[in-house]
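One letter stands for each residue in the lines below.
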Amino acid sequence: MTSPVSTLYGHIDNSLFERCKAICLLVCDVDGIFSDGRIYLGNAGEELKAFHTRDGYGVKALMNIGVEVAVITGRKSRIVEDRMRALGIRHIIQGEENKGFALQNLMTELELTSEQVAAMGDDMPDLSMFELCALSISVPDGHPFVKQQADYITQCSGGFGAVREVCDLLLQAQDKLTISHGSSI
């Protein structure tokens, strides 16, 4: 048995850490991953979500080393479009109930194999993405069955730095985790 690898968020299995080295695409659900999963609706019908700035910094750091980031979500929301565009994410797929189909199309477009893809999700619709990737990730407050299917459960909850945790893990595995200042989130 190989020794565990020490990360910023704790120890992980060496074989999992090795899989992180090949990741070229991180695809994320939005509700429950980038946000805490709650949807706030105002009296005028406006929808509000909260996004963590640390997640934004992690996404930018990951994209700066050439790892693509994408979102695939079953809901459509202008606020998601605006936030993801502000982060520089080019692959924003909204209103897609068959997330596996959307991910397969994206993998074909980007010419990526399963070994190069990681997916983050917290609920049943995300399982079809898990089936297509080398690394499936959920959050501590994810659905119990989804967590059972995941290769890695973050220490941070969705909307509270879970995406940043995964970005840091991928950066560390790819030997690109550095401390830099001045990047806008």
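Attention here is on the structure that accompanies the text. Computed from a predicted structure; not experimentally measured.

How each quantity is defined
Residues numbered from 1 in each chain as written. Predicted model: local features only at pLDDT ≥ 70, side-chain atom pairs only at ≥ 80, totals over all residues. Heavy atoms only, no water. Helix = DSSP H or I, 4+ residues; strand = E, 2+ residues; numbered from the N terminus. Rg over C-alpha atoms; globule rule 2.2 N^0.38 Å. Buried < 20%, exposed > 50% of the residue type's maximum accessible area, 1.4 Å probe, protein only. Contact = heavy atoms within 4.5 Å. Areas by Shrake-Rupley, 256 points an atom, 1.4 Å probe, with all protein chains shown as cover. Salt bridge = Lys/Arg side-chain N within 4 Å of Asp/Glu carboxyl O. Core = buried A, V, L, I, M, F, W, Y, C linked by side-chain atoms within 4.5 Å. Axes fitted to C-alpha atoms, helices over the stretch in contact; angles between N-to-C directions. Parallel < 35°, antiparallel > 145°, perpendicular 65-115°, else oblique. Left-handed = near helix turned anticlockwise from the far one by under 90°. Nonpolar A, V, L, I, M, F, W, Y, C, P; charged D, E, K, R; others polar. Expected span 1.5 Å × (residues − 1).

Take the overall build of the protein chain next. Counting its secondary structure elements, the protein chain contains seven helices and 10 strands. Its C-alpha atoms give the protein chain a radius of gyration of 15 Å, near enough to 16 Å, the size a compact globule of 185 residues would have. Judged by the C-alpha coordinates and their principal axes, the protein chain covers about 55 × 35 × 30 Å. Buried residues in the protein chain amount to 49% of all 185 residues. In the protein chain, once contacts between residues fewer than 6 apart in sequence are set aside, the share between residues at least 24 apart is 57%. If you sum the accessible surface of the protein chain, you get close to 9,100 Å²; carbon and sulfur atoms cover 50% of it.

Residues other than glycine predominantly adopt negative phi, and peptide bonds predominantly adopt the trans conformation. Positive phi, normally seen in glycine, also occurs at Glu111, with a value near 55°. Tracing the sequence through the fold places Glu111 in the loop between helix H4 (99–110) and strand S8 (117–120). Here the phi dihedral of Asp175 falls at roughly 55°; this positive angle occurs in a residue that is not glycine. Tracing the backbone through its elements, the reader meets Asp175 in the segment after helix H7 (162–173). Given a relative accessible area of 71%, Asp175 falls into the exposed group.

This next bit is on the pattern of salt bridges. As enumerated under the stated definition, the model contains 13 salt bridges in all. Between Asp82 and Arg78 there is a salt bridge whose closest N-O contact spans 2.9 Å. Note that Asp82 and Arg78 are positioned in helix H3 (residues 78–87) at a spacing of four residues, about one turn of the helix. Exposure remark for Asp82: the relative accessible area of 39% places this residue in the partly exposed category. What you see here is one network of salt bridges that share partners, running through Asp31, Glu47, Lys49 and Arg75.

Okay, the nonpolar core next. One broad rule of soluble globular proteins: the nonpolar side chains tend to lie buried together. With 38 residues, the main nonpolar core has Leu26, Phe34, Met84 and Met120 as its most contacted residues. No other element matches H7, which puts eight residues into this core. In this structure, Ala70, Leu103, Leu132 and Ala150 belong to the second largest nonpolar core, which totals 18 residues.

Following both chains from N to C, one finds helix H2 (residues 53–64) and H7 inclined at 30°, their axes separated by 7 Å at the closest point. In terms of orientation, H2 and H7 fall into the roughly parallel class. For the pair H2 and H7, the crossing hand works out as left-handed. Residues Arg54, Asp55, Tyr57, Gly58, Val59, Ala61 and Leu62 of H2 form the contact with H7, whose participating residues are Ala162, Val163, Arg164, Cys167, Leu170 and Leu171. For the contact of H2 with H7, a count of residues per class yields nine nonpolar, one polar and three charged.

This brings us to H7. An ideal rise of 1.5 Å per residue puts 16 Å on 12 residues; H7 measures up with 17 Å between its terminal C-alpha atoms. H7 sits mainly inside the fold: 11 of its 12 residues count as buried. Ala162, Val163, Arg164, Glu165, Val166, Cys167, Asp168, Leu169, Leu170, Leu171 and Ala173 are the residues of H7 that are buried. Asp175 lies just past H7 and shows a positive phi near 55°.

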